[in-house]
Amino acid sequence: QVQLVESGGGLVQAGGSLRLSCEASGGTFSSYALAWFRQAPGKQRAWVAAITSSGRYTNYADSVKGRFTISRDNAKNTAYLQMNSLKPEDTALYYCATDRLGSRLSAVLRDFDYWGQGTQVTVSS
């Protein structure tokens, strides 16, 4: 059983930055791929970015490419999402999730086994 806890969300003005963290406990964090998703009110949960277990490979949704950076520190059992040049449309509840297939960069919700509770990001215009 893997427990994931997100943190780092908050209220920021458009153009600002935030860094989200996803701390894992239980399981073998370094063997899992990991992704960030987000869900805005009234919308479906959407994939944002993914990283392989080693951290060598990453992938991003077109809407965040060039602005967001996903990374991980396996020694700290923690993943990060650095978000720059934030826009009001980035406002959402952000979740991290693990994929037991460490080499996969999936964007499909059903591929992910464990989820955190989410951290709220609000970007004001």
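The structure we're discussing is the one just above.
The following refers to the structure shown. Everything quoted here is computed from the prediction, not taken from an experiment.

Scoring rules and cut-offs
- Residues numbered from 1 in each chain as written.
- Predicted model: local features only at pLDDT ≥ 70, side-chain atom pairs only at ≥ 80, totals over all residues.
- Heavy atoms only, no water.
- Helix = DSSP H or I, 4+ residues; strand = E, 2+ residues; numbered from the N terminus.
- Rg over C-alpha atoms; globule rule 2.2 N^0.38 Å.
- Buried < 20%, exposed > 50% of the residue type's maximum accessible area, 1.4 Å probe, protein only.
- Areas by Shrake-Rupley, 256 points an atom, 1.4 Å probe, with all protein chains shown as cover.
- Disulfide = S-S within 2.5 Å.
- Contact = heavy atoms within 4.5 Å.
- Core = buried A, V, L, I, M, F, W, Y, C linked by side-chain atoms within 4.5 Å.
- Pairing = 2+ DSSP bridges.
- Phe/Tyr/Trp six-rings, centres within 6.5 Å; stacked < 30°, edge-to-face > 60°.
- Lys NZ or Arg CZ within 6 Å of the ring centre and 35° of its normal.

### Things to note about the overall build of the chain
In terms of regular secondary structure, the chain is built from zero helices and eleven strands. Beginning at the N terminus, the succession of helices and strands in the chain can be written as β-β-β-β-β-β-β-β-β-β-β. By the compact-globule yardstick of 14 Å for 125 residues, the chain fits well, its C-alpha radius of gyration being 13 Å. Projected onto its principal axes, the C-alpha positions of the chain cover 40 × 25 × 25 Å. The buried share of the chain, reckoned over its 125 residues, is 43%. For the chain, the exposed surface amounts to about 6,300 Å²; the carbon and sulfur share of it is 45%.

### Regarding the state of the cysteines
Inspection of every chain in the model, using the stated rule, returns one disulfide. Covalently, Cys22 is tied to Cys96 through a disulfide, its sulfur atoms 2.1 Å apart. Judged by the sign of its S-S torsion, about 70°, the bond between Cys22 and Cys96 is right-handed. Pair noted here: Cys22 is in strand β3 (residues 18-25) and Cys96 is in strand β9 (residues 92-99), with a separation of 74 residues, a long-range link. What makes Cys96 buried here is its relative accessible area of 0%.

### Some points on the environment of Asn77
With respect to the helices and strands, the residue Asn77 is situated in the loop between β7 (68-73) and β8 (78-83). A C-alpha to C-alpha distance of 25 Å links Asn77 and Lys65, two positions twelve residues apart in sequence. In this structure, Asn77 is in contact with Cys22, Glu23, Ala24 and Phe29, ignoring residues within four places of it in sequence.

### Thoughts on the nonpolar core
Grouped together as the largest cluster of nonpolar side chains are 34 residues, with contacts concentrated most on Leu34, Trp36, Leu81, Met83 and Tyr94. At the level of elements, β3, β4 (33-39), β5 (46-51), β7, β8, β9 and β11 (119-124) are the ones that each hand at least two residues to this core. Ranked by residues supplied to this core, first place goes to β5 with five residues.

### Brief notes about the pairing of β8
With five of its six residues buried, β8 lies for the most part within the structure. As paired strands, β3 and β8 are joined by six bridges and run antiparallel to one another. The partner of Glu23 across the bridge, within β8, is Thr78. Of the strand pairs in this sheet, β7 and β8 are connected by six bridges, and their pairing is antiparallel. Residue pairing in the sheet places Ile70 in a bridge with Leu81 of β8. What sits between β7 and β8 in their antiparallel hairpin is a turn of four residues, with Asn77 showing a positive phi close to 55°.

### Considerations on the packing of aromatic side chains
Summed over all chains, the structure comprises four aromatic pairs. On the basis of an interplanar angle of 50° and a centroid distance of 4.8 Å, the ring pair of Phe37 and Trp115 is categorised as tilted. Pair noted here: Phe37 is in strand β4 and Trp115 is in strand β10 (residues 114-115), with a separation of 78 residues, a long-range link. Classification of Trp115 by relative accessible area gives partly exposed; the value is 25%. Relative to Trp115, the ring of Tyr95 has its centre 6.4 Å away and its plane inclined at 80°; by these criteria the two rings are edge-to-face. You can see Tyr95 sitting in strand β9 and its partner Trp115 sitting in strand β10, a full 20 residues away along the chain. Judged by relative accessible area, which is 10%, Tyr95 ranks as buried. An aromatic cluster is defined as three or more aromatic residues linked by ring pairs; in this entry it consists of Phe37, Tyr95, Phe112 and Trp115. For Arg45, the ring lying beneath its charged end belongs to Tyr95, and the centroid distance is 3.7 Å.

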